[in-house]
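Residue-level listing of the chains:
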Amino acid sequence: RDFVIGDTDPRLFGAFVEHLGRCVYGGVFEPGHPTADARGFRTDVLALVRELGPTIIRYPGGNFVSGYNWEDGVGPVADRPARLDLAWLSTEPNAFGTNEFVDWCRAAGVEPMLAVNLGTRDGDAARNLVEYCNHPGGSAWSDMRIRHGWPEPHGVRFWCLGNEADGPWQMEHRTAREYGRKAAEAAKMMRWIDPSIELAACGSSGRNMATYGAWEDEVLEHTFDHVEHLSLHHYFTNYRDDAAAYLASPDVMDQFIEEVVAVADGVAARRRSGKRIMLSFDEWNIWYRTRDDGGRPRERWQVAPPLLEEVYTMEDALVIGGACISLLNHADRVRTACLAQLVNAIAPIMTETGGPAWRQTIFWPFAQMSRLGRGSVLRARVRSDAYRAACHDRRGAQDLVFPVEAPYLKAAVVADARGVTLFLLNRHLAERMSVSVEARGFGALAATEAFQLHHHDLKARNDRNEPLRVRPTPLGSVRAGGGAVSLDLEPASWNVVRLEG
Ligand code: AHR
């Protein structure tokens with residue numbers, strides 16, 4: 001009970017809404033849908049979002065933000081322009097913008113996180129957006145918000161300084177020095193408008209980037225005094241259809257986090273600074289099936305075409321469970337994280353246009369982490385057999401291999417005032433696992449909730465017709481007595497056990 005890694009920041013359980021495919025239009029926003037409210041928000045989606053439990057939502061991109069004029073998305077809808085979006089080669093109608101997003105966040109009970117365009121635009125547009133959103137009134141931009149119908153400031157606390165500036169696919173991709181300088185100047189002005197904001201600079205868009213490491217170092221060299229957070233992005237892949245390596249790949253996320261912490265602390269050391277940069281893992285998920293040509297559509301300039309609509313499997317849910325464990329176990333430095341994304345585009349929630357909404361397999365581990373992962377993460381000492389895995393990824397057409405030694409049991413333990421929650425991933429594909437837990441410092445514990453996510457077919461999916469094919473079921477094997485707990489886990493299973501005194 002005494003060995004605490006860190007307390008989970010509520011923003012660790014975030015998600016992401018980008019103007020991408022059917023995430024906004026036909027996802028969170030579909031005027032005319034039978035469940036839509038007067039503002040066009042789908043209430044069936046809102047209900048699933050509340051069940052999923054994200055705490056903060058990043059918006060409006062992603063790649064999209066690097067070409068976005070935020071002014072296009074405010075004011076009377078009839079006056080808003082349609083624009084060609086070069087990120088997703090789509091037409092953006094701008095019927096949903098910053099104010100609608102903030103209203104939607106209030107309806108969903110989540111905090112808004114905004115990204116500013118540091119691709120085609122600069123610090124001037126960014127500081128104007130902070131003024132528009134957060135300044136109470138009496139200035140041109142804040143008065144414009146009031147005229148637009150939002151008399152109260154939005155009070156957006158968390159701001160991302162652009163997106164994936166290291167990626168050649170980004171509009172106005174930059175070198176680390178160019179981006180670092182631009183981000184530092186934008187940050188300075190944004191904070192002069194509102195000193196209460198928190199800022200995240202762009203780290204690497206993946207551990208597979210050729211500039212990884214050097215990028216973080218140079219960006220922080222410029223931005224260290226101006227930001228609280230540095231971003232990380234990671235998308236798991238299974239191009240080789242190698243289940244054992246795929247289930248080991250969350251351990252690569254652990255390495256990624258620990259390396260970025262080391263680089264950030266190295267920059268602090270050079271400056272003899274006690275400041276610690278926190279990590280914002282503001283894009284993470286699985287994305288590879290719909291990644292050809294960067295996910296862009298064949299037919300250009302459609303409004304809200306179905307893009308990046310990965311349908312996730314049981315195996316994917318296990319990888320997401322493993323990633324949840326990785327994030328929890330770094331609660332001391334990863335303060336913010338966003339599952340990318342929320343609806344339809346690489347998402348835990350899917351909708352049929354005009355039809356129902358349903359939960360993907362990956363919905364479950366995220367929802368359980370968000371509900372039961374609040375508290376102090378304990379440094380669990382896990383003794384388990386391990387296996388060697390060659391985790392695989394790509395950099396463009398190039399194959400990359402990341403070797404790991406993966407314990408079959410991957411675990412996170414979160415304690416709060418009433419008890420403790422165990423998150424347990426059995427990565428053995430064929431064997432059940434008997435687990436004994438020695439939980440000292442809690443007194444006698446009894447299981448109050450225990451679930452497993454397991455399906456004999458690792459490729460099983462949910463879909464519109466069978467939306468609950470993969471879902472958590474009770475885990476009956478928990479035996480608790482005193483401070484000792486034992487349980488049996490199915491092969492290839494995600495398990496959550498809540499124990500209280
Ligand atoms: O989430 C999909 C895309 O992945 C985002 O727009 C971008 O930031 C990343 O490359």
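On a predicted model such as this, the values are computed, not experimentally measured, just so you know.

### Overview of the pairing of strand β15 (residues 386–395)
(1) Moving on: As paired elements, β15 and strand β16 (residues 398–407) share 10 bridges and run antiparallel to each other. Looking at the pairing, Arg-395 lines up with Gln-398 of β16.
(2) Moving on: The turn joining β15 and β16, which pair antiparallel and follow one another in sequence, is formed by 2 residues; a positive phi near 60 degrees is taken by Gly-396.

### Here's the deal with the packing of aromatic side chains
Ring pairs (aromatic) are described by centroid distance and by the angle formed between their planes.
(1) Moving on: According to the stated counting rule, one finds 18 aromatic pairs in the structure shown.
(2) Moving on: Seen from their ring centres, Tyr-59 and Phe-96 are 6.1 Å apart, and the 70 degrees between their planes marks the pair as edge-to-face. Taken together, the residues span a long stretch of sequence, with Tyr-59 in strand β3 (residues 56–59) and Phe-96 in the loop between β5 (90–92) and α2 (98–108) at a distance of 37 residues. Pair check on accessibility: Tyr-59 and Phe-96 agree, each one buried.
(3) Moving on: The rings of Tyr-25, Phe-29, Phe-41, Tyr-59, Phe-96 and Phe-101 are connected pair by pair, giving a single aromatic cluster.
(4) Moving on: Here Arg-359 stacks its cationic end above the ring of Phe-363, 5.6 Å away from the centre of that ring.

### Description of the environment of Gly-6
(1) Moving on: Relative to the elements of secondary structure, Gly-6 occurs in strand β1 (residues 4–7).
(2) Moving on: A sequence separation of 70 residues divides Gly-6 from Pro-76, and the C-alpha atoms of the two residues are 46 Å apart.
(3) Moving on: Ignoring sequence-local partners within four residues, the contact set of Gly-6 consists of Ala-331, Asp-332, Gly-375, Ser-376 and Val-377.

### Examining unusual backbone geometry
(1) Moving on: Each neighbour pair has its own omega, and for Tyr-59 with Pro-60 the value is 0 degrees, a cis peptide bond.
(2) Moving on: Mapped onto the elements of the fold, Pro-60 is located in the loop between β3 and β4 (83–85).
(3) Moving on: Here Ala-340 and Gln-341 are connected by a cis peptide whose omega angle stands at 5 degrees.
(4) Moving on: Within the fold, Gln-341 resides in the loop between β11 (334–339) and β12 (349–351).
(5) Moving on: Located in the positive-phi region is Ala-492, a residue other than glycine, with phi close to 45 degrees.
(6) Moving on: Within the element layout of this structure, Ala-492 appears in the loop between β23 (484–489) and β24 (493–500).

The rules we used
Residues numbered from 1 in each chain as written. Predicted model: local features only at pLDDT ≥ 70, side-chain atom pairs only at ≥ 80, totals over all residues. Heavy atoms only, no water. Pairing = 2+ DSSP bridges. Helix = DSSP H or I, 4+ residues; strand = E, 2+ residues; numbered from the N terminus. Phe/Tyr/Trp six-rings, centres within 6.5 Å; stacked < 30°, edge-to-face > 60°. Buried < 20%, exposed > 50% of the residue type's maximum accessible area, 1.4 Å probe, protein only. Lys NZ or Arg CZ within 6 Å of the ring centre and 35° of its normal. Contact = heavy atoms within 4.5 Å.

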